[in-house]
Amino acid sequence: MIDIWTIVRFLHVLGAIIWVGGQLTITVVVLPPVRRLLGLAERTEVLRTVGKRFALITAALFLPTQITTGVLLAWRNGVTWAALAEPGYGRVLAAKLILFTLVMAAATVHGIAQAKHRPAAARAASITALVGSLGVILLATGLVER
C-alpha cells in the first residue's frame, strides 16, 4: 500500500534522478554533438541557455524538493544532530549531506565561471559536481530505513 512516506521517498528519489540524470544527459548526450557541430558563438549560446534552464529547474524544483523531503525522511527515521555522529546510518547520512553541500557549491562555482567566461574553471566545477552527485547516490544506497 502506498502511504505518505512512500510518496515523500518517491519525490526525494525523483529529484535525485532529475538532478543526476540531467547532469549525465548534458555531459554525455548534449555536449559532444554541440561541440562537434556548432561554431564557438553558437556553442556558447546553446550551452549558456541549457545551463540557465537547468539552474532554474534546480533552484525552483530540485533544491526545495530535496531539502523538504530529506528533512521529512530524516525526521521519520529519528535522526538528530547527535545521531549524525553515530556509526552506521548517522555517519552515512552526514557524509551524504556534506557531499551534497559540496556538489551544490561546485554547481554554483560552475555557474559563476560560466558567467565570467572561464570555460576551464566551469568545466572543472561541472565535472566535480557530476562526480560528487554520483557519490551522493552511492551513499544514498547505504541509507536503508531503520
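Look a little higher up for the structure.
Residues numbered from 1 in each chain as written. Predicted model: local features only at pLDDT ≥ 70, side-chain atom pairs only at ≥ 80, totals over all residues. Heavy atoms only, no water.

## Things to note about the overall build of the chain
Part 1 of the reasoning: The helix and strand inventory of the chain stands at four helices and zero strands.
Part 2 of the reasoning: The order of helices and strands in the chain, counted from the N terminus, is α-α-α-α.
Part 3 of the reasoning: Projected onto the principal axes, the alpha-carbon positions of the chain cover approximately 55 × 35 × 20 Å.
Part 4 of the reasoning: Accessible area for the chain stands at about 9,400 Å²; split by element, carbon and sulfur atoms hold 74% of it.
Part 5 of the reasoning: Between the averaged position of the 14 positive side-chain charges in the chain and that of its 5 negative side-chain charges there is a distance of 10 Å. (Helix = DSSP H or I, 4+ residues; strand = E, 2+ residues; numbered from the N terminus. Areas by Shrake-Rupley, 256 points an atom, 1.4 Å probe, with all protein chains shown as cover. Lys, Arg positive; Asp, Glu negative; His and termini not counted. Charge placed at Lys NZ, Arg CZ, Asp CG, Glu CD.)

## Here we look at the packing of helix 1 (residues 4–37) against helix 4 (residues 119–140)
In a pair of packed helices, the angle between the axes and the distance between the axes together describe the arrangement.
Part 1 of the reasoning: Contact geometry for helix 1 and helix 4: axes closest at 10 Å, N-to-C directions at 140 degrees. By the criterion of interaxial angle, the relationship of helix 1 to helix 4 is oblique. Both helix 1 and helix 4 take part in a crossing whose hand is left-handed. Two secondary-structure elements touch here, helix 1 through Ala16, Trp19, Val20, Gln23, Leu24, Thr27 and Arg35 and helix 4 through Arg123, Ala129, Leu130, Ser133, Leu134 and Ile137.
Part 2 of the reasoning: Residues that form the contact of helix 1 with helix 4 fall into these classes: eight nonpolar, three polar and two charged. (Axes fitted to C-alpha atoms, helices over the stretch in contact; angles between N-to-C directions. Parallel < 35°, antiparallel > 145°, perpendicular 65-115°, else oblique. Left-handed = near helix turned anticlockwise from the far one by under 90°. Contact = heavy atoms within 4.5 Å. Nonpolar A, V, L, I, M, F, W, Y, C, P; charged D, E, K, R; others polar.)

## Points about helix 3 (residues 89–115)
Part 1 of the reasoning: Here helix 3 spans 39 Å end to end across 27 residues, near enough to the 39 Å set by a 1.5 Å rise per residue.
Part 2 of the reasoning: Buried within helix 3 are the following residues: Tyr89, Gly90, Leu93, Ala94, Lys96, Phe100, Val103, Met104, Ala106 and Ala113.
Part 3 of the reasoning: Where helix 3 is buried, its residues contact helix 1, helix 2 (40–76) and helix 4.
Part 4 of the reasoning: Following helix 3 by one or two positions, His117 has its phi on the positive side, about 55 degrees. (Expected span 1.5 Å × (residues − 1). Buried < 20%, exposed > 50% of the residue type's maximum accessible area, 1.4 Å probe, protein only.)

## Overview of the environment of Phe100
Part 1 of the reasoning: By the secondary structure assignment, Phe100 is in helix 3.
Part 2 of the reasoning: Sequence spacing of Phe100 and Ile137 is 37 residues, and the spatial spacing of their C-alpha atoms is 9.6 Å.

## Quick look at the environment of Leu138
Part 1 of the reasoning: Along the chain, Leu138 turns up in helix 4.
Part 2 of the reasoning: Overall, Leu138 belongs to the exposed group, its relative accessible area being 62%.
Part 3 of the reasoning: The spacing of Leu138 and Phe54 is 84 residues in sequence and 23 Å in space, taken between C-alpha atoms.

## Concerning unusual backbone geometry
Part 1 of the reasoning: With phi around 55 degrees, His117 is a residue other than glycine that occupies positive phi space.
Part 2 of the reasoning: In this structure, His117 sits in the loop between helix 3 and helix 4.

## Concerning the nonpolar core
Part 1 of the reasoning: Ranked by size, the top nonpolar core spans ten residues in total: Trp19, Val20, Phe54, Phe62, Phe100, Val103, Met104, Ala106, Ala129 and Val136.
Part 2 of the reasoning: Contributing elements (two or more residues each) for this core: helix 1, helix 2, helix 3 and helix 4.
Part 3 of the reasoning: Leave out the neighbours within four places in its chain, and Ala129 touches Gln23, Val103, Ala106 and Ala107.
Part 4 of the reasoning: By size, the runner-up hydrophobic cluster in this structure holds seven residues, among which are Ala74, Val79, Leu84 and Ala94. (Core = buried A, V, L, I, M, F, W, Y, C linked by side-chain atoms within 4.5 Å.)

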